[in-house]
Amino acid sequence: MEILVCIKQVPGSNKVEVDPVTGVLKRNGADSKMNPYDLYALECGLKLREQYGGRVSVITMGPPQAQAIIKEAYAMGADAGAIVSDRAFGGADVLATAHTLAQGIKKFGKFDIILCGLQTTDGDTAQVGPEVSEQLDIPCVCNVKEIKGVEGDNILVDMEMAQDIEHLKVSFPCLITVQKDIVQPRLPSYLKKKDTENREIVMYTLKDMEDQNKNNYGLNGSATQVQRIFPPTSDKVQVTWDDPADVLAEKIYSTIKSRKLLG
């Protein structure tokens, strides 16, 4: 069974600069980590390999330094990895990102199951996974809370809906996005890290893609564009009172009432 996990490098904190012209995050030089949701997807892939055999590969799209999360995936047990990286891909929205990833996946190989985290912590759209499946013309199941097992050329999953749980049998090839906490991700192994430090990471650029039209990638291929990104303003006001209990009680009551928090 060939398993592919889509992973992404995201900012390690909320202290990230924004390009004032394009409105996108400046990722170069910023502290970064693997998207937490993708850790669960990777663990699901590793567990499937342990149960049913096969290989687990990972793919990411981003600047060259995103190779760091592929090395992290190797240290967790992934067998192969690829990065899709080109300046032409910069500034992509979810549509252009999905198109780019799908092109990279086609180049990387044929896979029975593609696993994605439900969403990313820097975008929270939860759209890239389903859009990749559309680009690849394969079935997709989102918000999976449990992988029940594999039967022949099908995977059995539980998908969480608003009011109930749907039990589905999905034929290969397919793409599923998994919830956080579906499994407990393993820690990277120091021994695996040492064993895989020289393992190849395949890099694909625009010239490697089946579709080499620049207008379908990056900002040019994006149907939407961020107008403005800004940190949330804080209206937190902290006041310290040092009074007897009866005075404090009256102050608290008066303050709450003046703010119309009490009728």
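Residues numbered from 1 in each chain as written. Predicted model: local features only at pLDDT ≥ 70, side-chain atom pairs only at ≥ 80, totals over all residues. Heavy atoms only, no water.

J.: Any details on the overall build of the protein chain? Residues and values, ideally.
T.: When helices and strands are counted, the protein chain shows six helices and 11 strands. If one aligns the C-alpha atoms of the protein chain with their principal axes, the spans along those axes are about 70 × 45 × 40 Å. Considering the protein chain as a whole, with its 263 residues, one finds that 40% of them fall into the buried category. Put simply, of all contacts in the protein chain between residues at least 6 apart along the chain, 70% involve residues at least 24 apart. (Helix = DSSP H or I, 4+ residues; strand = E, 2+ residues; numbered from the N terminus. Buried < 20%, exposed > 50% of the residue type's maximum accessible area, 1.4 Å probe, protein only. Contact = heavy atoms within 4.5 Å.)

J.: Can you tell me about helix 3 (residues 94-108), naming the residues and giving the values?
T.: If you check helix 3, its first and last C-alpha atoms are 20 Å apart, about what 15 residues at 1.5 Å a residue would give, namely 21 Å. Extensive coverage of helix 3 is indicated by the burial of 12 of its 15 residues. Taken as a whole, helix 3 has its buried residues at Val94, Ala96, Thr97, Ala98, His99, Thr100, Leu101, Ala102, Gln103, Gly104, Ile105 and Phe108. (Expected span 1.5 Å × (residues − 1).)

J.: Describe the environment of Glu131, listing the residues and the values that go with them.
T.: Within the element layout of this structure, Glu131 appears in helix 4 (residues 128-136). By relative accessible area, which is 22% here, Glu131 ends up partly exposed. Not counting chain neighbours up to four residues away, the residues in contact with Glu131 comprise Val94, Leu95 and Ala98.

J.: Can you break down helix 2 (residues 67-76) residue by residue, with the values?
T.: For helix 2, the complete set of buried residues consists of Ile69, Ile70, Ala73, Tyr74, Ala75 and Met76. Of the residues one or two after helix 2, Gly77 is the one with positive phi, at around 130°.

J.: Please give an account of the sheet that holds strand 7 (residues 140-151) that cites residues and values.
T.: Spatial strand order, 9-8-7-10-6-1-4-5-11: nine strands in an open sheet with mixed pairing. Across the chains shown, the open sheet's two edge strands, defined by having one partner strand only, are strand 9 (165-171) and strand 11 (201-204). Going across the sheet, the axis of each strand differs from the next one's by a mean of 30°, ignoring polarity. Pairing geometry for strand 8 (residues 154-160) and strand 9, over seven bridges, is antiparallel. Following the sheet pairing, Met159 is matched in strand 9 by Glu166. The strands that helix 3 touches are strand 1 (2-6), strand 4 (55-61), strand 5 (80-84), strand 6 (113-117) and strand 11; relative to strand 4, the one it contacts most, it runs at about 140°. The sheet strands contacting helix 4 are strand 6, strand 7 and strand 10 (174-178), and the helix crosses strand 10 at an angle near 180°. (Pairing = 2+ DSSP bridges. Axes fitted to C-alpha atoms, helices over the stretch in contact; angles between N-to-C directions.)

J.: An account of the pairing of strand 10 is requested, with residue identities and associated values reported.
T.: Extensive coverage of strand 10 is indicated by the burial of five of its five residues. Neither face of strand 10 is left uncovered, since the one carrying Cys174, Ile176 and Val178 and the one carrying Leu175 and Thr177 both have all their residues buried. Alignment of strand 6 against strand 10, held across five bridges, turns out to be parallel. Note that in strand 10 the partner of Gly117 across the bridge is Val178. Of the strand pairs in this sheet, strand 7 and strand 10 are connected by three bridges, and their pairing is parallel. Bridge assignment links Val144 to a residue of strand 10, and that residue is Val178.

J.: Tell me about unusual backbone geometry, and please be specific about residues and values.
T.: Cis geometry marks the peptide bond from Phe172 to Pro173; its omega dihedral reads -10°. Positionally, Pro173 belongs in the loop between strand 9 and strand 10. Positioned with a positive phi, Asp137 is a non-glycine residue whose angle comes to about 60°. With respect to the helices and strands, the residue Asp137 is situated in the loop between helix 4 and strand 7. A residue is classified by how much of its surface remains accessible, and Asp137, at 69% relative accessible area, is exposed. Of note in this structure, Asp181 is not a glycine but carries a positive phi near 75°. By secondary structure assignment, the location of Asp181 is in the loop between strand 10 and helix 5 (190-195).

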